[in-house]
Amino acid sequence: MRTTNPVEERVVALIESTATGLGYRIVRVRLSGNRRKRLQIMAERLSDGEMGIGDCTKLSRALAPVFDLEDPIQSEYDLEISSPGIDRPLMRIEDFERFKGHEAKLETAALIDNQRRFKGVIAAIEGDVIVLKTDQGETRLKFAQLSDARLVLTDQLIAEDLKRAKAAEAAGLDADDEGQDT
């Protein structure tokens with residue numbers, strides 16, 4: 001789910017080792033646009049899953065020479081390095097584990113019980129099965145069946161993010177400058 005086509009897969013293959021070496025995990029890569037393409041790379045720090053402005057700058061500067069050398073996209077494009085955000089996409093089983101207890105929207109590639117879209121609280125992860133507590137009861141979806149998954153912006157999610165930001169501030173870190181070179 002991190003990619004949707006061979007060009008995006010090639011980009012991940014080109015950048016993953018550089019990103020990992022700098023302490024970042026590639027969350028998702030998307031190439032969009034018709035006339036002027038946009039290459040969006042979502043990333044997060046391996047250490048804590050965060051991604052500040054300084055982190056985006058650091059990763060962008062490290063990846064620019066890779067793109068200049070390899071040129072994975074045939075036409076002009078804009079490069080965007082970003083954080084996954086609060087209502088982030090869930091791209092790996094580990095993401096579901098990390099956000100257990102939070103509400104999520106999941107979409108499957110094919111119909112399951114005459115339905116493709118599911119919304120509920122991530123109740124459990126059992127191997128490669130995501131257990132979702134919905135208004136209709138418990139739904140079990142295999143990770144491989146998913147075409148899209150993301151957290152729902154809720155008061156609980158916002159409160160946890162604010163708590164994390166306050167803890168970082170108390171520790172002397174500016175949330176927007178985390179990871180910035182000094």
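Here the residue numbers are simple positions, counted from 1 along each chain's written sequence. Selection of residues for local features in this predicted model requires a pLDDT of at least 70, selection of side-chain atom pairs for listing and counting requires 80 or more, and totals for whole chains, interfaces and linings are taken over all residues. As a rule here, side-chain values come from all non-hydrogen atoms in the structure, and water together with hydrogens is ignored.

To continue, consider the overall build of the protein chain. Broken down by element type, the protein chain carries four helices and eight strands. The globule rule puts the C-alpha radius of gyration for 182 residues at 16 Å, and the 18 Å found for the protein chain is close to it. Over its C-alpha atoms, taken along the principal directions, the protein chain stretches across nearly 50 × 45 × 30 Å. In the protein chain, which comprises 182 residues, the share counted as buried stands at 39%. Any pair of residues with heavy atoms lying within 4.5 Å of one another is described as a contacting pair. Within the protein chain, counting contacts between residues at least 6 apart in sequence, those at least 24 apart form 58% of the total. All accessible-area figures derive from a Shrake-Rupley calculation using a 1.4 Å probe, and residue coverage is judged against the displayed protein chains alone. Only carbon and sulfur atoms are counted for the fraction: they give 48% of the accessible area of the protein chain, which is about 10,300 Å². In this charge count, Lys and Arg are treated as positive and Asp and Glu as negative; neither His nor the chain ends contribute. By convention, the charge on Lys lies at NZ, on Arg at CZ, on Asp at CG and on Glu at CD. Distance between charge centres in the protein chain, computed from 27 positive and 34 negative side chains, equals 3 Å. Strands here mean DSSP runs of E at least two residues long; helices mean DSSP runs of H or I at least four residues long; both are numbered from the N terminus. Here the globule rule reads 2.2 Å times residues to the power 0.38, and the radius of gyration is calculated from C-alpha atoms. The classification of residues rests on relative accessible area computed with a 1.4 Å probe and restricted to protein chains. Under 20% of the type maximum is buried, over 50% is exposed, and intermediate values are partly exposed.

In the sections that follow, a salt bridge refers to a side-chain nitrogen of Lys or Arg positioned within 4 Å of a carboxyl oxygen of Asp or Glu. A complete count under the given rule lists 24 salt bridges for this structure. One salt bridge in this structure joins Arg 164 and Glu 50, with 3.0 Å as the shortest N-O distance. Of this pair, Arg 164 sits in helix H4 (residues 155-170) while Glu 50 is found in the loop between strand E2 (37-45) and helix H2 (53-70), placing the two residues 114 residues apart along the sequence. You can call Arg 164 partly exposed: its relative accessible area is 24%.

Moving on, we come to H2. For H2, built from 18 residues, the straight-helix expectation of 26 Å at 1.5 Å per residue is met to within 8% by its first-to-last C-alpha distance of 25 Å. The largest bend in H2 comes to about 30°, at Leu 63, with the proline Pro 65 one to four residues further on. If you check which residues of H2 are buried, you get Gly 54, Asp 55, Cys 56, Leu 59, Leu 63, Val 66 and Phe 67. Looking at the packing, one finds that the buried side of H2 touches helix H1 (6-21), strand E1 (24-32), E2 and strand E3 (77-82). Looking at the residues trailing H2, positive phi occurs at Asp 71, about 45°. For a helix, the expected span equals 1.5 Å multiplied by the number of residues minus one. Two axes enter the bend calculation: one fitted to the seven residues ending at the residue in question, the other to the seven starting there, and the bend is the angle between them.

Moving on: the environment of Val 12. Structurally, the position occupied by Val 12 is in helix H1. Assessed through its relative accessible area of 6%, Val 12 is described here as buried. Separated by 29 residues in sequence, Val 12 and Ile 41 place their C-alpha atoms 9.0 Å apart. With residues near it in sequence (within four places) discarded, Val 12 still touches Arg 2, Thr 3, Ile 26 and Val 29.

Moving on, we get to H1. In a regular helix each residue adds 1.5 Å, so 16 residues correspond to 22 Å; H1 covers 24 Å between its end C-alpha atoms and thus fits that length. Approximately 40° is the largest bend angle found in H1, and it occurs at Ile 15. Within H1, the full set of buried residues consists of Glu 8, Val 11, Val 12, Leu 14, Ile 15 and Ala 19. Contacts made by the buried residues of H1 are with E1, E2 and H2. Pairs of N or O atoms are called polar contacts if they sit within 3.5 Å, as long as, within protein, a hydrogen donor faces a hydrogen acceptor (for residues adjacent in sequence, only side-chain-to-side-chain pairs). The N-cap of H1, judged by a side-chain oxygen 3.0 Å from the amide nitrogen of Val 7 a few residues on, is Asn 5. One or two steps after H1, the chain reaches Gly 23, where phi turns positive at roughly 95°.

Moving on, we come to the layout of surface pockets. Roughly 180 Å³ of internal volume is contained in the second largest pocket. Here a cavity is any set of points on a 1 Å grid over the protein atoms alone where a 1.4 Å probe fits but cannot get out, and a pocket is any open set with protein on both sides within 12 Å along at least 5 of 7 lines; a residue lines the site when it has an atom within 4 Å of a point. Gln 115, Phe 118, Thr 134, Gln 136 and Thr 139 are the residues nearest the centre of the second largest pocket, which is lined by 13 residues in total. Sorting the residues of the lining of the second largest pocket by element identifies strand E5 (115-126) and strand E7 (137-142) as the ones contributing at least two each. Under the scheme applied here, ten amino acids are nonpolar (Ala, Val, Leu, Ile, Met, Phe, Trp, Tyr, Cys and Pro), four are charged (Asp, Glu, Lys and Arg), and all others, including Gly, are polar. In terms of residue class, the lining of the second largest pocket is made up of two nonpolar, five polar and six charged. Grid points are joined across faces, edges and corners, and a volume is the space filled by probe spheres set on the points.

Paired strands, in this sense, are two strands between which DSSP finds at least two bridges. Read from one edge to the other, the open sheet built from three strands follows the order E1-E2-E3, with strand pairing classed as mixed. If you trace the sheet from one side to the other, it starts and ends with E1 and E3, each paired once. Across the sheet, the mean angle separating the axes of adjacent strands is 15° when strand polarity is ignored. Judged from the eight bridges that link them, E1 and E2 form a sheet pairing that is antiparallel. Each bridged residue has a counterpart across the sheet, and for Ser 32 the counterpart in E2 is Arg 38. Axis lines are fitted through C-alpha atoms, for helices just across the contact stretch, and the angle between N-to-C directions can take any value from 0 to 180 degrees.

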